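Residues per chain, in single letters:
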Amino acid sequence: MAKRFKSLEDYGIIGNLQTCALISRDGSIDWLCFPYLESPSLFAALLDIQRGGYFRINPITKYSSVQSYIENTNILQTTFTTPLGIVVITDFMKPEVRGDNHYAREVFRKVECVNGAIEMKITFSPRFEYAKIIPDFKLKEEGVIAQTKAESLFLQSPVPLNINQPGAAGVVSLTVGKAAWFILQYKHHIFLSAGDCNKFLAETKRFWHVWAHKCGHSGCVMEGPWHNLVVRSGLALKLLSNPQTGAIAAAATTSLPEKIGGVRNWDYRYTWIRDSSFTAQALFHLGHIKESQDFRRWMRGIVSKTKDPSMIRIMYGLNGEVDLKEQILENLSGYRDRKSVV
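All figures in this text were calculated on a predicted structure; none of them were measured in a lab.

### Observations regarding helix α4 (residues 273–285)
Taking 1.5 Å per residue, 13 residues should reach 18 Å; α4 reaches 18 Å between its end C-alpha atoms and fits that length. Turning to α4, its buried residues are Ile-273, Ser-276, Thr-279, Ala-280 and Leu-283. Around the axis of α4, the buried residues are gathered within 125° of arc, so they sit on the same side. Exposed and oriented more than 90 degrees from the buried face of α4 are Arg-274 and Phe-278.

Structural data, given as structure tokens:
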């Protein structure tokens, strides 16, 4: 397969306040780290389309596609239009807000035919530890499991999958009004019905609707032609915050160069004090006071462990780690052939 890097604007993002996934317009999860944002990747086709790993669902026939979010949520929808019909994939993760929700370690993918009839191909090809480890694949009841000595990733599928090393694949046929759920589960395996999934979708939608910026009766500080884009930006920034620790990551990814061909290429899954302060300030102006308070709490923890203010670092791990050693991932080509770092 020829090497071809996707444009960054062709990606949408979902998350659960612990980690994030990037999903491209061709229905492929190309970046996902579990269980945390800073964990090693399970899918990293973003950085190496041939070796990085991915989980793709898209039409067998020729198609065009667009992405959008359900209004005022971080629930992503990818709409595929083909000569035979139209299919919408709804992707989301259930937000982790209390620290006791194992469903926060899942990705839900609803595939629904809204016009005509269509066949969708499923390709499941995870790679663990930044694609250093190819897992073993075993068929299980209701799906397939990818497993190493330390980790496992179960894909619940409503249709039979075939193992085709190194991965699994299948086809789902849908007619108008029919839907199929595909669920990724990290380190656990619990059967979930369509009713369960629809309930989680409704709960996730409600969570984001409650959280999203709302204009006051006396007007809105963000009033103007860019209002909706500012609200959308706030929703994206929220995915980088952690309600348990108060930390705010600078970005959900690593190794995306500031300029193609340039050398400024770092892992941004850390709390860079300047970037995170700007994020907290932006969320504060959108009316999200708690996020700024959480970040202040996180900063107090940093300051309390620092003897002199001049010793405060420009960046910390999301749990306050200071021993940060950069390494180059030689096994990955890197985005547009710029070396990957973590």
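### A few points about the pattern of salt bridges
With the rule as written, the count across this model stands at 13 salt bridges. For the salt bridge of Asp-267 with Arg-269, the shortest nitrogen-to-oxygen distance reads 2.9 Å. Neither Asp-267 nor Arg-269 differs from the other in exposure class; each is buried. Here Asp-294 and Arg-297 are joined by a salt bridge, their closest N and O atoms 3.2 Å apart. Here Asp-294 pairs with Arg-297, and both are found in helix α5 (residues 289–304), just three residues apart, close to one helical turn. Residues participating in the shared-partner salt-bridge network are Lys-6, Asp-26 and Asp-30.

### A word on helix α3 (residues 227–238)
In this model, α3 (twelve residues) spans 17 Å end to end at C-alpha, consistent with the 16 Å of a helix rising 1.5 Å per residue. Those residues of α3 not exposed but buried are His-227, Val-231, Gly-234, Leu-235 and Lys-238. The buried residues of α3 occupy an angular sector of 100° when projected down its axis, which confines them to one face.

### Details of the pairing of strand β12 (residues 152–156)
Extensive coverage of β12 is indicated by the burial of five of its five residues. Because side chains alternate across β12, one face comprises the buried residues Ser-152, Phe-154 and Gln-156, and the other comprises Leu-153 and Leu-155, equally buried. For strand β11 (residues 143–147) and β12, the ladder comprises five bridges, and the chain directions are antiparallel. In the strand pairing of β12, Val-144 is matched with Leu-155. Joining the antiparallel neighbours β11 and β12 is a turn of four residues. The sheet contact formed by β12 and strand β15 (residues 179–186) spans four bridges and is antiparallel. Looking at the pairing, Phe-154 lines up with Gln-185 of β15.

### Digging into the pairing of strand β1 (residues 11–15)
Side chains on a regular strand alternate between the two faces of the sheet. With five of its five residues buried, β1 lies for the most part within the structure. Alternating residues of β1 divide into Tyr-11, Ile-13 and Gly-15 and Gly-12 and Ile-14, and every residue in both groups is buried. One ladder, built from five bridges, connects β1 with strand β2 (residues 20–24); its direction is antiparallel. Within β2, the position partnered with Tyr-11 by the bridge is Ser-24.

Definitions and cut-offs
Residues numbered from 1 in each chain as written. Predicted model: local features only at pLDDT ≥ 70, side-chain atom pairs only at ≥ 80, totals over all residues. Heavy atoms only, no water. Helix = DSSP H or I, 4+ residues; strand = E, 2+ residues; numbered from the N terminus. Expected span 1.5 Å × (residues − 1). Buried < 20%, exposed > 50% of the residue type's maximum accessible area, 1.4 Å probe, protein only. Arc of directions from axis to C-beta. Salt bridge = Lys/Arg side-chain N within 4 Å of Asp/Glu carboxyl O. Pairing = 2+ DSSP bridges.

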